[in-house]
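# A closer look at the structure
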Amino acid sequence: MPEPYQLSVAEAAGEIRSGSLSPVELAQSLLGRIDALEPSLRAWVTIDREEVLTEAKRREDELGQGGPKGPIHGVPVGLKDIYYTAGMKTACGSRINADFVPDYDATTVSRIKEAGGVILGKAVTTEFAMGDPSHAINPWNPAHTPGGSSSGSSVAVSARMCAAALGSQTGGSTCRPAAYNGIVGLKPTYGRISRYGVVPVSWSLDTVGILVRTVADAAIMLQVMAGHDPQDPGCPDQPVPDYLEAMSRQDGPPRIGLIKEFFYDKSTPEVRSHTDAAVEKLAQAGAIVQEISLPESFASAHSCQRIVSNVEAAAYHEESYRDRADEFGPKARSSIEMGMLIPSVRYVQAQRARRQFRADMMAMVREVDVVLTPGIQAPAPRDLSTTGDAMFQQPWTSSGLPSIVVPSGLSQDGLPLAIQLAGLPWDEGKLLAAAGWCESVLGVSLSPPDFS
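My aim in this report is to walk through the structure given alongside it, one point at a time.

Criteria and thresholds
Residues numbered from 1 in each chain as written. Predicted model: local features only at pLDDT ≥ 70, side-chain atom pairs only at ≥ 80, totals over all residues. Heavy atoms only, no water. Helix = DSSP H or I, 4+ residues; strand = E, 2+ residues; numbered from the N terminus. Rg over C-alpha atoms; globule rule 2.2 N^0.38 Å. Buried < 20%, exposed > 50% of the residue type's maximum accessible area, 1.4 Å probe, protein only. Contact = heavy atoms within 4.5 Å. Areas by Shrake-Rupley, 256 points an atom, 1.4 Å probe, with all protein chains shown as cover. Phe/Tyr/Trp six-rings, centres within 6.5 Å; stacked < 30°, edge-to-face > 60°. Pairing = 2+ DSSP bridges. Axes fitted to C-alpha atoms, helices over the stretch in contact; angles between N-to-C directions. Core = buried A, V, L, I, M, F, W, Y, C linked by side-chain atoms within 4.5 Å. Expected span 1.5 Å × (residues − 1). Arc of directions from axis to C-beta. Right-handed = clockwise from strand over helix to strand, strands pointing away.

A tally of helices and strands in the protein chain yields 14 helices and 11 strands. A globule of 452 residues ought to have a C-alpha radius of gyration of about 22 Å, and the protein chain, at 20 Å, matches this closely. Seen through its principal axes, the protein chain has C-alpha atoms that stretch 60 × 60 × 45 Å. When burial is assessed residue by residue, the protein chain has 61% of its 452 residues classed as buried. Here the contacts in the protein chain between residues at least 6 apart in sequence split such that 77% fall between residues at least 24 apart. Of the roughly 16,700 Å² that the protein chain leaves accessible, carbon and sulfur atoms contribute 49%.

Right, dumping it as structure tokens:
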């Protein structure tokens, strides 16, 4: 029998519903796991043990009174430390917000609670979810970056300190650290999940990210949080399907569009051969694989993403930067300063180019069920002064298309590798179904060697 802390979201929720595991037992197991690993991994910034156990007991009592409130009843969830939580500090990894305590919950946090979830605590983030590395440790090798900006969330899920955690993605801050840490990372369609109560980097790019260990768990967490929120103008009233049901409707192998252009050029020989091997295995299992080409507008996609991100970050931090510039980290300061120097005409042109790029990428994806690329250009760098390069994730963030990374094996140095899949806006059901099929065929489930 696995220890409770080893269970996935679906497994834990199922055992709680059946009565074979109590929410309190699960919370105690995870807190014990954190106690054992946290001194070395430094994934967490705030955990209120008493509140976690009190809330778990409340969930336990609710089961006896009226049954589960939702699909994650009694399951603890970690939060990147940029999510507002009433009465709990949201420091954003920065001296600027070191003592900030919100008086309300982010919509995502409210929906997790409404679905019966337990807020486990705040996971370490890079400063304001920008480029300055956090102090979290990669559980696969402490000499290598865990990625960012959702570093603590990714480390915590990888090392079995929680089954699910929230991240965010403005460039590659969910899917890149997920790939570096050997877990599943889902970036939904821009606007699919409300960002109300999430400290922004860039209003027109930021997307709530989901960090878990299985594709099914990604579907469950998306189900809990997806849907219109009038408090977020970027969260439209789009229908929310049953994602697990959509996954179960997968009626055969998917049609996969393999993108080698750019992605293979930027990858190491090891990543190229590894991706080819994964694609061959999918093809042997019945997937129809065809190589497809990127649109011409891809050439400016990365530049446009950086322009928009820097300008909007500068706009958000303008007042704090004017009064407390020397308290920002060097990479955050650089992003803000660059944003302040970019002319308004360049910003408007970048946004206009992004709209065309989105249309072009949608036309490309319509040729197939999903597109596939390497998840990362190389394993996590042996460099603690960086969070890695977001170049493989930025196109999906800039276009707003949903994407997911799925573990696909280990490098020669024993570090995780991943494939990345992307689909059409608002069609996460098809994307998750294809990702679940690939996950099953590849049969890869990774656990850091010293933290299994």
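Summed over all chains, the structure comprises 12 aromatic pairs. Considering the side-chain rings of Phe 262 and Phe 263, the 5.2 Å spacing of their centres and the 90° angle between planes classify their relative orientation as edge-to-face. Phe 263 shares its class with Phe 262; the two are buried. Measuring from centroid to centroid gives 6.2 Å for Phe 263 and Phe 298, while their planes differ by 55°, and the two rings are tilted.

We now examine the sheet that holds strand E10 (residues 403-410). Across the sheet, which stays open at both edges, the 11 strands sit in the order E1-E3-E2-E4-E6-E5-E10-E11-E9-E7-E8 with mixed pairing between neighbours. Looking at strand neighbours, the two that pair on one side only are strand E1 (44-46) and strand E8 (288-291), the edges of this open sheet. Shown here is a sheet whose adjacent strand axes are inclined to one another by a mean of 35°, direction ignored. Sheet analysis places E1 next to strand E3 (residues 118-123), joined by 2 bridges and oriented antiparallel. Across the sheet, the residue bridging to Trp 44 is Ala 123, located in E3. Those strands touched by helix H9 (residues 269-284) are strand E7 (255-258), E8, strand E9 (370-374), E10 and strand E11 (416-422), and its axis lies near 145° from that of E9.

Next up on the list: the nonpolar core. Taken as a class, soluble globular proteins show a tendency for nonpolar side chains to be buried jointly. Ile 72, Tyr 83, Ile 112, Met 221, Ile 404 and Leu 432 are the most contacted members of the largest nonpolar core, which totals 75 residues. With 8 residues, helix H7 (residues 215-225) is the largest single contributor of residues to this core. Discounting residues that sit within four places of it in the chain, Ile 112 has contacts with Ile 72, Val 77, Leu 79, Gly 117, Ile 119, Leu 166, Met 221, Val 224 and Met 225. Grouped together as the second largest cluster of nonpolar side chains are 35 residues, Ala 43, Trp 44, Leu 120 and Ile 183 included.

Let us now look at H9. Side chains that are three or four residues apart share a direction in an α-helix, a result of its 3.6 residues per turn. Look at H9: 22 Å from first C-alpha to last across 16 residues, which is about the 22 Å you get at 1.5 Å a residue. Within the span of H9, buried status applies to Val 271, His 274, Thr 275, Ala 278, Val 279 and Leu 282. In an axial view of H9, the angular spread of the buried residues amounts to 135°, which keeps them on one side of the axis. With respect to the buried face of H9, the exposed residues turned more than 90 degrees away are Pro 269 and Gln 284. Each element contacted by the buried residues of H9 is listed here: E7, E8, E9, E10, E11 and helix H14 (428-442). Just beyond H9, the residue with positive phi is Gly 286, at close to 120°.

So, on to unusual backbone geometry. The peptide bond linking Gly 148 to Ser 149 adopts the cis configuration, its omega dihedral lying at 10°. Along the chain, Ser 149 falls in the loop between E3 and helix H5 (151-158). In the Ramachandran plot, Arg 160 falls in the positive-phi region, its phi being about 65° despite a non-glycine side chain. Topologically, Arg 160 is positioned in the loop between H5 and strand E4 (165-169).

Pairing analysis gives 4 bridges linking E7 to E8, with the strands arranged parallel. Pairing of Leu 258 across the sheet is with Glu 291, part of E8. Handedness of the β-α-β unit built from E7, H9 and E8 comes out right-handed.

On their own, these measurements won't tell you what the molecule is for.
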